[in-house]
Amino acid sequence: MKIAVLRNPIAGGRAGQKQWAPLLAAFRHRFPDLEIHESRSSGDARRLARELAAGPYDVIVVAGGDGTISDVVDGVLTSSRPEMPLAFLPIGTGCDFIRNFKLPSDPAALAEHITNASVRRIDAGLLVSRDASGNEQRRHFANIASVGISGEIVDAVNAPGRRRILNGPLRFTVHAALAILRYRPYDFEVLIDGMQVHQGQLAIAAIANGGWFGGGMHITPDADVADGLFDIAVMREEKILGLLNLLGRLHSAGHVGHPLLSFHKGRRVEVRPRDPKRFPVEIDGEMPIRGGFVAEILPQALTIRT
């Protein structure tokens, strides 16, 4: 098997560096001809993925977190070989997309697992928006796109120039608490398959292919990455204490049944802001677009080895 590893060398900070060494040793032992390709700047993983997808490889192994996986998915699905299989090494701040799969934590076992795993197809998302000049922007995503306080939290987690003393889920938790203390509800409209499901104030709308975001928050417990549908969660809480309580339940999926939270399924989701200045959007833990958008599910678009 000819393998290319596409690695984000800054994923996960210092913790990611420690994870990488044993993973590299295990994969070098299992695949002596392994090739390592590292991204060097924002968007570079997307470019590398397009190039590697066209090359003589059996699989691209993504070593990074959710943002890196999202960039690679977008690169592969816009390449000349969108059926290129992907596999995953969980190194990153959140690693939420990988929670949808049962992968071994031991490096040697993970290398063996990828060797023997079957190739299968799962869904991906496509987000379409327009920039300030009216030009169309298209962005594939693997896991979840969300709007509201989740976007503010992601902006804080990824803000340049801040010392990353905290890593992983704890970093998300701290920034979530800080964002909630400043919380004011957002105002936008959500339409699913052409039907309006919400108009007015709310905290979060999450459009999910997978089940987790925010460093382990199980936002959409019924999500299935291969059912051809998005799971959409609309959280209408307007008060700080209520939002703290609701978000505190997400890790254990204790939010299910909450009266201010509704779940929906659909293939096409449109989100329209009332106030474009207060419309923070995050896609797989990154913020590549701004403004209203349409998200479409792409059934069986992504090939993986898990």
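So, here is what we can say about the structure in this document. (Residues numbered from 1 in each chain as written. Predicted model: local features only at pLDDT ≥ 70, side-chain atom pairs only at ≥ 80, totals over all residues. Heavy atoms only, no water.)

### Here we look at the environment of Gly200
Working step 1: Here Gly200 shows up in strand E9 (residues 195-202).
Working step 2: By relative accessible area, Gly200 is classed as buried at 12%.
Working step 3: Apart from residues no more than four positions distant in its own chain, Gly200 is found in contact with Tyr186, Asp187 and Phe188. (Helix = DSSP H or I, 4+ residues; strand = E, 2+ residues; numbered from the N terminus. Buried < 20%, exposed > 50% of the residue type's maximum accessible area, 1.4 Å probe, protein only. Contact = heavy atoms within 4.5 Å.)

### What to know about the side chain of Ser150
Working step 1: Residue placement: Ser150 occurs in helix H5 (residues 149-158).
Working step 2: The class for Ser150 is buried, based on a relative accessible area of 6%.
Working step 3: Each residue touching Ser150, except ones within four places of it in the same chain, is listed here: Ile204, Phe213 and Glu282.

### Thoughts on the packing of aromatic side chains
Here a ring pair, both rings aromatic, is described through the centre-centre distance and the interplanar angle of the planes.
Working step 1: Enumeration over the complete set of coordinates arrives at 8 aromatic pairs.
Working step 2: On the numbers, 5.9 Å between centres and 40° between planes, the contact of Phe27 with Phe31 is tilted.
Working step 3: Classification of Phe27 by relative accessible area gives buried; the value is 1%.
Working step 4: Judged by its relative accessible area of 7%, Phe31 is buried.
Working step 5: Aromatic pair Tyr183 and Tyr186: ring centres 6.2 Å apart, planes at 55°, arrangement tilted. With respect to class, Tyr183 is no different from Tyr186; both count as buried.
Working step 6: Put simply, the rings of Phe88, Phe97 and Phe101 pair up and form one aromatic cluster. (Phe/Tyr/Trp six-rings, centres within 6.5 Å; stacked < 30°, edge-to-face > 60°.)

### Describing the pattern of salt bridges
Working step 1: Evaluation of the coordinates by the stated rule reveals 18 salt bridges.
Working step 2: Between Asp96 and Arg99 there is a salt bridge, with the nearest N and O atoms lying 3.0 Å from each other.
Working step 3: Owing to a relative accessible area of 3%, Asp96 belongs among the buried residues under this scheme.
Working step 4: Judged by relative accessible area, Arg99 falls into the partly exposed class, the value being 33%.
Working step 5: Asp187 is paired through a salt bridge with Arg274; the nearest N and O atoms lie 3.8 Å apart. Of this pair, Asp187 sits in strand E8 (residues 186-192) while Arg274 sits in the loop between strand E13 (268-273) and strand E14 (281-283), placing them 87 residues apart in sequence.
Working step 6: By sharing partners, the salt bridges in this structure join Glu189, Arg268, Glu270, Arg272 and Glu296 into a single network. (Salt bridge = Lys/Arg side-chain N within 4 Å of Asp/Glu carboxyl O.)

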